[in-house]
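Coordinate analysis (summary)
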Amino acid sequence: HRRPVRQQVTAAPAVPRWPYEISSTAIRYCALCAYEGSVFDGWMGSPQAVAAALERRLHGLFAHPVQVVGAGRTDAGVHARAMAFHFDVPSGADGRGSAGTVGEVHARLRSALLLGGGLPRELQVYVVCRAPSQFHAREACGGKRYVYRLAVGGVAPWQLPYCWRLQVLYSGATTERRAIDKGCA
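A brief structural summary. (Residues numbered from 1 in each chain as written. Predicted model: local features only at pLDDT ≥ 70, side-chain atom pairs only at ≥ 80, totals over all residues. Heavy atoms only, no water.)

1. Observations regarding the overall build of the protein
- A tally of helices and strands in the protein yields four helices and six strands.
- Per-residue burial for the protein yields a buried fraction of 35% across its 185 residues.
- Of the roughly 11200 Å² of accessible surface on the protein, 56% is carried by carbon and sulfur atoms. (Helix = DSSP H or I, 4+ residues; strand = E, 2+ residues; numbered from the N terminus. Buried < 20%, exposed > 50% of the residue type's maximum accessible area, 1.4 Å probe, protein only. Areas by Shrake-Rupley, 256 points an atom, 1.4 Å probe, with all protein chains shown as cover.)

Written out as C-alpha cells, the structure reads:
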C-alpha cells in the first residue's frame, strides 16, 4: 500500500490576510476542491497547507500574489470531498502584463486548475467559476459534514487508510457488539 509522501515546499509571496481589501477591478472566482489530507498541515497556516498549495499555483499562473479564502478550516490529516474557496484575480495580473479579456483569464484558470498542473497530486480542483464580487466562501457556507468510517471485519485494502478498523469478533451478543450496534443506530 502506497502512502502519500510529504514534500517540503517554499511559501508563495505573502499576501496580507487582514485587513483584506479587494481592488474594484479584480475578478472574484469560486472553486471547489478535494484533497487527501495526509500530506497537508490543514487548510491554512503553514507552507504545507492546502491553501498555500493553491496560492503557489495561482501565483505561478498570474505572477502576482493571490489570497485563497476557504469556506472553513480543516486540521492536519483531514480529507475533504468538496471544500469551497474563493480568490480574486487583480486586473492586469494575468502573467503577461495585461489583463486580457475576462474570458481569456477564466479559460487559463480553468485549464490550469482543473488539469491539476502544478498542484500536488493529493489536491484536485474540480470546479472553477466566476462569482459576484460580494461572494464570500466562508460566509456562504451552509455547514460541514464529517464522515467517520468504522470497519468491523473485512475491509478492502485500498480503504484501510480511510477507516478505523476494529478487530472484534462480530458474532454472539458481546458487550462490544451491543455497543457498536447502539452507536451505529
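2. Some details on the sheet that holds strand 2 (residues 68-70)
- Taken in spatial order, the four strands line up as 2-3-1-4 in an open sheet, and their pairing is antiparallel. A single partner strand is all that each edge strand has here, and the edge strands are strand 2 and strand 4 (123-130). Averaged over neighbouring strand pairs, the angle between their axes works out to 30 degrees when direction is ignored.
- Pairing of strand 1 (residues 27-35) with strand 4 involves seven bridges; the strand directions are antiparallel. Residue Cys30 lies in a different strand from strand 4, and its bridge partner there is Cys129. (Pairing = 2+ DSSP bridges. Axes fitted to C-alpha atoms, helices over the stretch in contact; angles between N-to-C directions.)

3. Thoughts on the environment of Phe135
- Along the chain, Phe135 turns up in the loop between strand 4 and helix 3 (137-140).
- Here Phe135 falls in the partly exposed class, since its relative accessible area comes to 21%.
- In the structure, Phe135 is positioned 49 residues away from His86 in sequence and 8.1 Å away in space, judged by C-alpha atoms.

4. Focus: the state of the cysteines
- Taken as a whole and judged by the stated rule, the model has zero disulfides.
- We note that Cys30 lacks a disulfide partner, and the nearest cysteine sulfur, in Cys129, lies 5.1 Å from it. (Disulfide = S-S within 2.5 Å.)

5. A few points about the side chain of His86
- Position of His86 relative to the elements: it lies in strand 3 (residues 80-89).
- By relative accessible area, which is 1% here, His86 ends up buried.
- Within the structure, His86 has its side chain in polar contact with the backbone nitrogen of Ala137 (distance 3.0 Å). (Polar contact = N/O pair within 3.5 Å; in protein donor to acceptor, adjacent residues only side chain to side chain.)

6. Details of the packing of aromatic side chains
- According to the stated counting rule, one finds five aromatic pairs in the structure shown.
- Between Trp43 and Phe85, the aromatic rings sit 6.1 Å apart at their centres with planes inclined by 45 degrees, giving tilted as the arrangement. Here Phe85 lies in strand 3 and Trp43 lies in the loop between strand 1 and helix 1 (50-62), a separation of 42 residues in the sequence.
- One aromatic cluster is present, built from ring pairs that chain together Tyr29, Tyr35, Phe40, Trp43, Phe85 and Phe87. (Phe/Tyr/Trp six-rings, centres within 6.5 Å; stacked < 30°, edge-to-face > 60°.)

Treat this as a map of the structure, not an account of what it does.
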